[in-house]
Amino acid sequence: MDPTFIQEAMPALMRGAAATVAVSLAAIALGFVAGAGIAAAATSGPRGLRAFAAVYISFFRGVPLLVQLLLAYYALPFLGIDIPAIAAAVGTLGLCCAAYMAEILRGGLATVPPGAVEAARLLGLTRAQSFLRIRLPIAARAMRPAIVGEAIMIMKASSLVSLVGILELTRASQALASSTFMPLESYALCGAIYLAINFVLMAIGWERRRA
Amino acid sequence: MTAPFLLAEGLERRVGDTQILDRIDLSVERGQVVGLIGPSGSGKSSLLRCIAGLDPLTGGRVLVEGRAAVPGDGTIGMVFQQFNLWPHLTAGENVALALRLVRKMSRAEAGERARAMLDRVGLAKFADRRPAQLSGGQQQRVAIARTLAMEPRLILFDEPTASLDPELTTEVLDVIRGLAETGMTMLVVSHEMGFVASVASRAVFLDHGRVLVDGPARAVFRDAEEPRLRRFLSTYLQRVAWAPEPEAPAMPVQAAAPAGFPLIDAASPAPAEAPARFPLLDAAANPPGEGLPVAGPRAAR
């Protein structure tokens with residue numbers, strides 16, 4: 001690959017990569033928080049909330065992310081709900097991520113031995129202390145690989161938001177390919193940058209697994 | 001007359017159609033060590049869990065020093081069969097966490113106290129190890145240290161050695177024996193009959209959620225007049241009968257002894273202060289271990 005091409009292409013691609021990372025991290029954060037709420041509703045909420053959680057998880061896991069994105073950006077305005085592209089992008093990715101996170105959290109918390117929680121209770125820890133200091137850290141060990149996997153999926157799925165006009169890495173490389181007529185180099189660079197970003201996420205997973 | 005240290009009155013626990021505890025009355029004086037024995041499913045563990053407040057009662061009440069005990073108020077400590085250590089924390093952190101969060105000690109203070117407690121059970125060197133890096137016996141001793149650190153006035157032991165091999169069992173029982181010598185009030189659920197016979201001042205035999213026999217440990221084991229208890233003990237003795245002969249000549253096993261014949265020969269009763277003499281039980285279920293001076297602040301280990 002021509003080094004001059006790389007040199008000239010990198011600034012635009014890196015701006016796109018920054019947008020990819022920002023959109024993905026925002027979506028993952030939203031997914032984690034909303035996922036915790038859905039998991040709580042699914043495990044210990046009243047009947048109505050449990051049913052809502054079940055429908056939520058089924059919808060977001062069962063409908064393709066691209067369709068969800070198109071619904072949010074192109075269909076909602078017909079219902080009078082007009083949202084900016086960035087909100088549609090982060091919202092859709094985040095809400096979809098939440099459905100998976102809820103299942104990961106639910107499974108992780110189920111691995112915590114009840115005895116560990118009973119010991120905490122008898123020693124006088126409050127419910128909140130027991131959750132934050134005992135249940136969550138023990139569950140986190142079991143959930144870590146799945147959460148890293150989900151984060152990587154969201155990072156890759158963020159390429160779909162180029163369809164609603166967000167100038168992220170995929171769209172930046174599309175623009176590069178069509179303006180330079182060098183699709184091979186453009187998309188190869190694009191793939192390499194995705195790989196580098198996800199490699200960082202994978203490394204976090206490996207690092208923590210050894211700890 | 002002063003109120004007993006622990007008073008359990010008419011304890012009932014029913015789950016669906018199953019009567020787990022059936023009107024159990026139990027009063028324990030301060031400093032007493034009560035051994036709870038009985039077949040699996042007899043309600044021993046449930047009784048402990050109800051006293052600790054972990055399982056809800058469907059009837060009756062539990063008073064400690066005249067007041068209803070609330071789980072976590074520091075009155076009652078419990079040691080579990082599966083240790084229930086927190087796997088993500090080191091032994092030292094397991095002991096120190098509640099001191100910091102509940103007793104509001106500083107990190108340094110809690111750490112120091114945790115080390116002292118681990119030292120007391122002979123594990124000072126292992127403070128930085130995670131539970132997974134410790135043997136079962138060591139894990140159980142950490143769990144005991146964690147309980148002791150909170151200075152409970154009553155400790156419940158729920159089959160503390162049931163998942164340990166005989167050697168590890170001995171090291172845990174030595175710690176409990178040392179605690180008994182300090183005058184700690186304890187309820188011990190155990191299938192280690194020799195241990196119960198030698199350490200408990202009182203033995204309670206449960207079956208189907210009811211107390212069938214309650215009396216001084218020696219008398220309960222020596223006389224065993226109650227037919228169900230007699231059957232239970234003979235099964236136990238049959239199981240340990242083929243254990244290797246201990247150094248002292250063992251008493252002949254009298255598993256199929258006719259009613260009225262003592263199961264455990266105590267023809268020459270021991271003097272009041274001497275340890276109970278149940279050679280077969282002692283030797284088979286509780287080989288002499290290196291006694292850990294639980295009371296001493298610097299156990300050599």
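Everything here concerns the structure above.
Below: a short report on this structure. (Residues numbered from 1 in each chain as written. Chains lettered and ligands numbered in written order. Predicted model: local features only at pLDDT ≥ 70, side-chain atom pairs only at ≥ 80, totals over all residues. Heavy atoms only, no water.)

Some points on the interface of chain B and chain A
Now for step 1: Contacts between chain B and chain A engage 22 residues on the former and 16 residues on the latter.
Now for step 2: Both sides together, the interface formed by chain B and chain A hides about 1800 Å², and carbon and sulfur atoms give 64% of it.
Now for step 3: When residues of chain B are sorted by the area they lose upon contact with chain A, Trp86(B), His88(B) and Leu101(B) head the list and together hold 30% of the total.
Now for step 4: Across the contact surface, chain B and chain A share one salt bridge.
Now for step 5: The residue Arg49(B) makes a salt bridge to Glu118(A) at a minimum N-O spacing of 2.4 Å.
Now for step 6: Where chain B touches chain A, the interface holds six residue pairs in polar contact (both at pLDDT 80 or more).
Now for step 7: Contributing elements (two or more residues each) for the side of chain B that touches chain A: helix H1 (44-52), strand S6 (76-79) and helix H2 (91-101) of chain B.
Now for step 8: Per-element accounting of the side of chain B that touches chain A gives the leading share, four residues, to H2(B).
Now for step 9: Residues belonging to the side of chain B that touches chain A are distributed by class as follows: 13 nonpolar, four polar and five charged. (Contact = heavy atoms within 4.5 Å. Buried area = accessible area lost by both parts, 1.4 Å probe. Salt bridge = Lys/Arg side-chain N within 4 Å of Asp/Glu carboxyl O. Polar contact = N/O pair within 3.5 Å; in protein donor to acceptor, adjacent residues only side chain to side chain. Helix = DSSP H or I, 4+ residues; strand = E, 2+ residues; numbered from the N terminus. Nonpolar A, V, L, I, M, F, W, Y, C, P; charged D, E, K, R; others polar.)

Some points on unusual backbone geometry
Generally, phi is negative for residues other than glycine and the peptide bonds are trans, each holding for most cases.
Residue and element names in this part refer to chain B.
Now for step 1: Of note, Asn-84 is a non-glycine position whose phi angle comes to about 55°, a positive value.
Now for step 2: By the element assignment, Asn-84 lies in the loop between S6 and H2.
Now for step 3: Its relative accessible area of 11% is what places Asn-84 among the buried residues.
Now for step 4: Of note in the backbone geometry, His-208 takes a positive phi value of approximately 50° without being a glycine.
Now for step 5: With respect to the helices and strands, His-208 occurs in the loop between strand S9 (202-207) and strand S10 (210-216).
Now for step 6: The exposure class of His-208 is exposed, given its relative accessible area of 60%. (Buried < 20%, exposed > 50% of the residue type's maximum accessible area, 1.4 Å probe, protein only.)

Things to note about the packing of aromatic side chains
Residue and element names in this part refer to chain A.
Now for step 1: Enumeration over the complete set of coordinates arrives at five aromatic pairs over all chains.
Now for step 2: Centroid distance Phe-52 to Tyr-56: 6.0 Å. Interplanar angle 50°. Geometry classified as tilted. Within this pair, Phe-52 and its partner Tyr-56 are both found in helix H2 (residues 47-62), separated by four residues, close to a single helical turn.
Now for step 3: Assessed through its relative accessible area of 46%, Phe-52 is described here as partly exposed.
Now for step 4: Pairing Tyr-56 with Phe-60 gives two aromatic rings, centres 4.6 Å apart and planes at 40°, and the pair type is tilted. (Phe/Tyr/Trp six-rings, centres within 6.5 Å; stacked < 30°, edge-to-face > 60°.)

Treat this as a map of the structure, not an account of what it does.
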